[in-house]
Every structure is written in structure tokens, then in C-alpha cells.
Amino acid sequence: MKIRTSLVRSAFGRLNVNPAAEQALLPKEKRRQAAALQKLRAHSAGAWTFALLFVAVALVVTTARSSQSQSRTHTAGFVALDQLAQTSQPPQEAPTGFDNLSNGLVDEQAHGADLHTFEETETIEDGLGPVFNAQACRECHQSPVTGAISQVTELRVGRTNRFGQFENPVVSIGDGTTIIANRSLINDRAICPSGEFPDSEIQERVPDNANVHTFRASLNTLGDGFVEAISSLTLLQFAAKQCKEFGDGVCGQPVFVPVLEAPGQMRVGRFGWKNQHASLLSFSADAYLNEMGITSRLQPEDVTKLCDTVADPENTADAEGLADIDRFARFMRASKAPARDASLAATFDARLGADIFGKIGCDTCHVPTIVTAPSGSVINGGSFVVPDALGNKIIHPFSHFLLHNVGTGDGIVQNGGPLTALKLRTPPLWGVRLRSRLMHDQRALTFHEAIVRHGGEATLAVRNFRNLTDQERQQLITFLKSL
Ligand code: HEC
Ligand code: HEC
């Protein structure tokens, strides 16, 4: 298999290399990597995958930031590749449905209890705030059932400095007396000034020097247990294949991000608009802190001590030994994947639309079908074993969970390093018919608008879309409405 050198170079460019990590690599080390890559080039059809893996593994020390938040911890990480179990069984279709019933991971009683925790409204006594966005996970993950989506957005800001590099803003609160550094999330609510703290002004505001800002749409979490169970290798192979087939034009970027429950371990990110997390437990701890202001064993410090009256960590294990973050993660892991509109999907137009979706190249990023890792595989930096309910399952997410620049990038860098500033994760299209507003900033209101807004790496697909007949375009959109 011939691989052009320019592409090999672009693999370096596109992986999760941030300046600190780059500096940490000695020039000698770089030369060694380049030589090894040259050797790999000469080898088999799988050379690309190995090249990507090699670079990934070579980057053992990468500085990364804990995500939603940009909280102030820097974590050195080791790339932990998932350890895949073997199976000779044919994969089976994952259960789908918007019914809030368990996918088989736990019994309905346990799922009901976890659902209750996901829906629960937290108060100041529980640790809510001091700064926060909402009182329950359900407030933003609700439609059509708990765990799905909503119209709620959140505000992310930052600064591009004069060298074109992204910087996290410094948010000042308490009338300038307190500074929250490294924070790109601006919480829209706060618990004071109040009767107890009449003089504490802690509402976060966008700093005057922030020149980058975006509203980010809430995402669906139903079926995310299956997404978590996709082997990192599968995602790296998608990148390898795409970058090889399409040259520099279309090349999804995988990023390695810290797994909070496996300190020091990194895994290929797949959750959030920037792929800022790889594990649902990590995302739960991050969301509990950054959306609701509630600290846990994995995110034990509030972003400010002003008006804070509850000792950290604010949430601890219950009688069954589970903290709320464990229940959130288990709720999402046990959720069924979003279901199609079966009757619309069966129509002639929707079926033709599905063909068109493939023919014009939408499916290179919005990948229709993925098989999860076999049960028994060890993922999340060694901290989670894929259970039978999630392993070896066929899912239809219509995404390959890689980052792309499709011309809509928000300029913000989270866990993935500076090359991700203008990129976003290809959003899964399962359940997209139930979204009233589309794209990360919800600025596309119809499927047509969403499609023609794609540029950058999706330019060719959009050109193909424009070249369709009116009827074909309509069939494609009917297909999207069936997802
Ligand atoms: C104020 C609204 C809000 C609340 C409350 C909220 N979320 Fe979210 N959630 C979002 C938004 C917005 C995103 C996308 C964030 C991003 O990537 O920038 C998101 C993304 C996620 C994702 C990633 C899904 C995927 O497939 O990529 C998970 C998982 C998640 N939230 C879990 C939770 C949990 C658990 C809670 C409760 C502790 C919670 N969220 C509370 C708004 C919210
Ligand atoms: C190069 C990869 C790529 C290709 C090709 C591509 N997309 Fe996308 N798509 C993305 C990314 C990345 C986003 C998110 C952009 C944003 O939110 O700003 C997106 C967003 C979307 C959305 C909005 C989803 C939501 O939840 O808001 C739809 C619908 C969509 N794409 C459909 C299509 C269709 C139809 C095609 C073919 C004409 C296509 N895409 C081709 C990467 C791609």
C-alpha cells in the first residue's frame, strides 16, 4: 500500500499534539518517530492504523485539561489502548427505543433508581453552585424522554491571542476580588448575592478581552453506553481509512483525553462537541461540577469558594455504595439507543434518501453502522469492563466520532490541543429528527440549512448535494427526518 509522505506528515499534524507535549519530545525522539513511520509506510495495508497508533503511543506525556470546565488541573497521561476480548459470536443489533427502559445492563428497578437521580433537582444544601447552569441533568437532557436533548445551550468563550493561539479566559468575580483562571465555560446562574451573602457578587460574565464565543447545544446521551463501548482502535481505523482515501481534504482527527477515574490514562475521546471525554463517568463528574456546581470524588473542588457552605466533595456514596456520578453513568450506560421513525424509514423516499446519503459522501463522516467492542474488553484506562449488554452490538449512530473542520468551528480548544480550535465532533444523527435546532450553536433551523452550512472538509459532499435534483434533495431530507 503506497502512502504519500505528505499524508504521513499530516498524521503528526492532526493528532493530539499540543505545544507542551511537542516541546517535551526531544528532536532525537522526533527523528526516531519519523524513521519508524517511514518503515511502517513500507508495510501492510494496515500501515496507517499503526502509524496513528505509533504517534499516539509516542505521545505518552501530553498535557491535557479537564474539560467542560477547563478546570485548573493539568494531567500527564499515558495512552491506554482498550484491551479487546475475543469473540466468535456474530454481533447483534443494540436495543433502541425512547421508553427509558433498561437495555439489559441492569434490571428495571435499578434503572428506575438511576433515572430518578438523573432527574433529581439539587438544592444549595446538596451543594448546588456557587456558580451553575441548572439544577438537574434532566433540565437539559429531557426531550422526548429523560437523557435525550433540549434547546438549552451553554456559553463558551475564549481568546485568540495575537499569535493566533487560543487562550482560556480569566473570569473575575466578587467585584474583581476573585479570579477563576482557565475557564472557558461561563455559568449563567449563581446562588448569591442572597440573604446569607448579601454582598457577594459572583455572577460570571464574559471577560472584556474575550474575542471568541459560542453557544453550545445540549447533546443526546441515550445509547451512549454503546458509544463508550466502541474500541478506540475502531475510531483510529476510521481516521486511518478516511485520511488515506481522501487525502488532505477529509481527515477526521482523533484526540486522546484523560480518563478521570483512571488517573494518568488517556483514551480516544468521543463525547461532547470537542470529544472532550472518553468515559461517561468522567463526563458525569465534569457535568455535575460544571453544570450544577456539585463536587464529587472525581472533581472534588468547586470553581470558587465564595458563597460555598457545603464541604467538598459535596456528593458522596449512598447506602448502596454509589455516588450520584456513578448513577448518572450507569443510567446512560443502560439506556437504549435512539430509535428510528420506523414507518417513515420504510418509505420509498426515505430508502432512496439513504442511498443518496451514501453516494454523495455524507457517510464518510456520518458513518451509519459500527460494532462495539466484544464483552469482556477492558476500556477506560483499565477501569471498565464492557458488559454483555453493551459488547459486540451493532449500532447506527451516523457518526464516526472524529473531529472535523466543516467551516463552522467555534475557535475554542478543550482537551484536544490547539489543532482542534476550528473543529467539531461529527454529531451522531440518531434521533436528529427530534432536534428543533441544528448544529453546535443551533443556528441551522432546517435540514437544508444544516447541510449547506457545511464547508471545509465537507465541501465536496455539499457540492454533490447542490448538484442533486430537487426530488433527490427532498428524498435525502426525508431520510434525515426518519433518523
Ligand atoms: C445546563 C444544561 C445541562 C445540564 C444541567 C447538563 N448537561 Fe449534559 N450537556 C449539555 C451540553 C450543552 C452538552 C454539550 C457540551 C459540549 O460539548 O460543549 C452536554 C453534553 C453531555 C454529554 C455528552 C453526550 C455525548 O454523546 O457527547 C453527557 C454524557 C452529558 N451531557 C451528561 C450530563 C449529566 C450526567 C448531567 C448531570 C450531572 C448533565 N449532562 C447536565 C447541557 C447540560
Ligand atoms: C467531513 C465530515 C462531514 C461530512 C462529509 C458531512 N458532515 Fe454533517 N456534520 C459534520 C460536523 C463536524 C457537523 C457539526 C457542525 C457544527 O455543529 O457546527 C455536522 C453536522 C450535521 C448535521 C446537524 C446535526 C445536529 O445534531 O445538529 C446534519 C443534519 C448533518 N451534518 C448532515 C449531513 C449531510 C446530509 C451530509 C452530506 C451532504 C453531511 N452532513 C456531510 C461532519 C460532516
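Structure: see above.
So, here is what we can say about the structure in this document.

Analysis parameters
Residues numbered from 1 in each chain as written. Chains lettered and ligands numbered in written order. Predicted model: local features only at pLDDT ≥ 70, side-chain atom pairs only at ≥ 80, totals over all residues. Near = placed C-beta within 6 Å. Helix = DSSP H or I, 4+ residues; strand = E, 2+ residues; numbered from the N terminus.

Quick notes on the site of ligand 2
Consideration 1: Around ligand 2 sit 29 residues, and of these C362, C365, T408, M439 and H440 come closest.
Consideration 2: When residues of the shell around ligand 2 are traced back to their parent elements, those giving at least two are helix 12 (447–453) and helix 13 (459–466).

Brief notes about the site of ligand 1
Consideration 1: Close to ligand 1 lie 26 residues; N133, C137, C140, G272 and A287 are nearest.
Consideration 2: Every element with two or more residues in the shell around ligand 1 is listed here: strand 12 (212–217), helix 8 (280–292) and helix 9 (324–333).
Consideration 3: Here the element with the most residues in the shell around ligand 1 is helix 8; it accounts for seven residues.

Details of unusual backbone geometry
Consideration 1: Here G129 and P130 are connected by a cis peptide whose omega angle stands at 5 degrees.
Consideration 2: By the element assignment, P130 lies in the loop between helix 5 (108–119) and strand 5 (131–132).
Consideration 3: A cis amide bond links C192 to the next residue, P193, at an omega of 15 degrees.
Consideration 4: Non-glycine residue N275 carries a positive phi angle of around 55 degrees.
Consideration 5: As for its placement among the helices and strands, N275 is situated in the loop between strand 14 (265–268) and helix 8.
Consideration 6: Positioned with a positive phi, F398 is a non-glycine residue whose angle comes to about 55 degrees.
Consideration 7: Take F398: it is sitting in the loop between strand 18 (393–395) and strand 19 (403–404).

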